[in-house]
Amino acid sequence: MRPARRLLARCHCQRILCNLAYPLLLASTFVVAAGSLILHWDPGRVSPLFLVGTLLYLTALERLIPHRRDWHPSRTEWRWYGVYFLLTMAGSALAQLGVTTAVGRISPADPVLPLWAEIPAALLSGSLASYLVHRLGHTNPLLWRLHGVHHVPQKVNVANNGVNHVLDIALAQGAVQLTLALAGFSRESVLATGLFVAAQGYFVHANIDVRIGRLNHVLASPEQHRLHHSTDLSEAGHYGSDLSCWDHLFGSFTWRSGREPAAVGLGDPTSFPGTGEILGSLLHPWRRAKRPGGESV
């Protein structure tokens, strides 16, 4: 009986963790954002520390409440993902270099609206820009040669969220930050929005057994994003990685309760270099495309 009791207790703890995992992430995001605004913490320190904390939290959850155990990264994949993570950070820094001056000059020193109104407005604006850039990354052939690198892995987990082409990250984040700057949002609202977007971006990729029910119609989730990575393009919508309202508005919302992709990755795996071919992935956008038979065009 003791082993059976331990098993029941473990299952009970896992159910509790499944229910609390996302609320805890949202609560921590709110606490860090509020602390940054009230206590005037340095954004240059807060954002990276919050990102590392989010990664550690979600990585631990992937072991405790995994959605699919066969989606855990292997040791070799961890090495690849580490390199890609550094490249993603480089892409973020490249985007930041391009917009820092604009944000500093255009964004007002003091909020035009009270923060309780400005932060939701900034979130909606940034989310719309992110949605449009992401969708273009799938529909524009040139941008797909950058963004497709992210869809090569045949797993979806928090580690391979960082599998990206450095220019894809620079373009996407640069577009969002410029949108917020040109709209005149304050630095405080941009910081708070950035923390939420970062947490959501890694959450939706997490290989965790978390379901958010009807909240899927408002917020993005792992349930939706697995469909986005589906090899079946008829269900691979969900271009929003923070809010799901734009998917509803533009007809790319395909989630329903219990719907799971049969496979994730590329419909044609030979169209991109493998994830382990890091240099090949970086050079891929400048190589001539190949026909299905392998002939260059």
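Residues numbered from 1 in each chain as written. Predicted model: local features only at pLDDT ≥ 70, side-chain atom pairs only at ≥ 80, totals over all residues. Heavy atoms only, no water.

A. Seen up close, the overall build of the protein. Looking only at helices and strands, the protein has ten helices and zero strands in total. Reading the protein from its N terminus to its C terminus gives the helix and strand order α-α-α-α-α-α-α-α-α-α. Taking all 297 residues of the protein together, 45% fall into the buried category. At a minimum sequence separation of 6, the contacts of the protein that also span at least 24 residues come to 73%. (Helix = DSSP H or I, 4+ residues; strand = E, 2+ residues; numbered from the N terminus. Buried < 20%, exposed > 50% of the residue type's maximum accessible area, 1.4 Å probe, protein only. Contact = heavy atoms within 4.5 Å.)

B. The side chain of Thr275, seen in detail. Among the secondary structure elements, Thr275 is positioned in the loop between helix 9 (245-249) and helix 10 (278-283). Assessed through its relative accessible area of 9%, Thr275 is described here as buried. Apart from residues no more than four positions distant in its own chain, Thr275 is found in contact with Trp80, Tyr81, Tyr84, Val152, Pro153 and Val163.

C. Layout of the packing of aromatic side chains. Applying the stated criterion across every chain, the model contains six aromatic pairs. Relative to Phe250, the ring of Tyr131 lies with its centre 5.4 Å away and its plane at 25 degrees, an arrangement referred to as stacked. With a gap of 119 residues between them, Tyr131 in helix 4 (residues 115-139) and Phe250 in the loop between helix 9 and helix 10 connect regions that are remote in the sequence. Classification of Tyr131 by relative accessible area gives buried; the value is 1%. (Phe/Tyr/Trp six-rings, centres within 6.5 Å; stacked < 30°, edge-to-face > 60°.)

D. A look at the nonpolar core. Tyr22, Leu58, Ile65, Leu195, Phe203, Ile208 and Val210 are the most contacted members of the largest nonpolar core, which totals 30 residues. Elements that contribute at least two residues to this core include exactly helix 1 (2-39), helix 2 (43-64) and helix 7 (187-203). When residues of this core are assigned to their parent elements, the largest contribution, seven residues, is made by helix 7. Once you skip the residues sitting within four places of it in the chain, Leu195 turns out to touch Thr29, Val32, Ala33, Val46, Ser47 and Phe50. (Core = buried A, V, L, I, M, F, W, Y, C linked by side-chain atoms within 4.5 Å.)

E. Inspection of the environment of Gly137 at higher detail. Tracing the backbone shows Gly137 in helix 4. By relative accessible area, Gly137 is classed as buried at 4%. A C-alpha to C-alpha distance of 7.9 Å links Gly137 and Gly148, two positions eleven residues apart in sequence. Excluding anything up to four places from it in sequence, Gly137 contacts Leu143, Trp144 and His147.

F. Quick peek at the pattern of salt bridges. Summed over the entire model, instances satisfying the criterion amount to four salt bridges. With a closest N to O distance of 2.6 Å, Asp70 and Arg68 form a salt bridge. We classify Asp70 as partly exposed; its relative accessible area is 47%. Asp209 is paired through a salt bridge with Arg211; the nearest N and O atoms lie 2.7 Å apart. (Salt bridge = Lys/Arg side-chain N within 4 Å of Asp/Glu carboxyl O.)

G. Inspection of unusual backbone geometry at higher detail. For His40, which is not glycine, the phi torsion reads 60 degrees and is therefore positive. Residue class for His40 comes out exposed when judged on its relative accessible area of 68%. With phi around 55 degrees, His238 is a residue other than glycine that occupies positive phi space. Tracing the backbone through its elements, the reader meets His238 in the loop between helix 8 (222-228) and helix 9. Using a relative accessible area of 0% as the deciding quantity, one classes His238 as buried.

H. Structural view of the state of the cysteines. Tallied over the full model, the rule gives zero disulfides. Free of any disulfide, Cys11 has its nearest cysteine sulfur in Cys13, 9.4 Å distant. (Disulfide = S-S within 2.5 Å.)

I. Structural view of the side chain of His72. Structurally, the position occupied by His72 is in the loop between helix 2 and helix 3 (75-106). In this view, His72 contacts Glu62, Arg63, Pro66, Glu77, Lys155 and Asn207; residues no more than four positions away in its chain are not counted.

J. The arrangement of the packing of helix 4 against helix 7 in detail. Direction vectors running N to C along helix 4 and helix 7 enclose 50 degrees, while the axes themselves pass 9 Å from each other. On the basis of their axis angle, the class for helix 4 and helix 7 is oblique. Taken as a pair, helix 4 and helix 7 cross one another with a handedness that is right-handed. Taken together, the residues of helix 7 that come into contact with helix 4 (itself represented by Leu115, Glu118, Ile119, Ala122 and Leu123) are Glu188, Ser189, Ala192, Thr193, Phe196 and Val197. (Axes fitted to C-alpha atoms, helices over the stretch in contact; angles between N-to-C directions. Parallel < 35°, antiparallel > 145°, perpendicular 65-115°, else oblique. Left-handed = near helix turned anticlockwise from the far one by under 90°.)

K. Structural view of a nonpolar patch on the surface. There is a patch of nonpolar side chains on the surface, built from Ile16, Leu20 and Leu24 and spanning about 250 Å² of accessible area. Summarising the element assignment, Leu20 is placed in helix 1. Relative accessible area serves as the criterion here: at 42%, Leu20 is assigned to the partly exposed category. (Patch = residues over 30% accessible without salt bridge, like charges linked within 9 Å, V, L, I, M, F, W, Y side chains within 5 Å. Areas by Shrake-Rupley, 256 points an atom, 1.4 Å probe, with all protein chains shown as cover.)

L. Spotlight on the packing of helix 2 against helix 7. Closest axis-to-axis distance for the helix 2/helix 7 pair is 10 Å, and the angle between their directions is 20 degrees. Considering their axes alone, helix 2 and helix 7 lie roughly parallel with respect to each other. Relative to helix 7, helix 2 is oriented so that their crossing is right-handed. In this structure, helix 2 contributes Pro43, Val46, Ser47, Phe50, Leu51, Thr54, Leu55 and Leu58 to the contact, and helix 7 contributes Leu191, Leu195, Ala199, Tyr202 and Phe203. Classifying every residue of the contact of helix 2 with helix 7 by side-chain character gives eleven nonpolar, two polar and no charged. (Nonpolar A, V, L, I, M, F, W, Y, C, P; charged D, E, K, R; others polar.)

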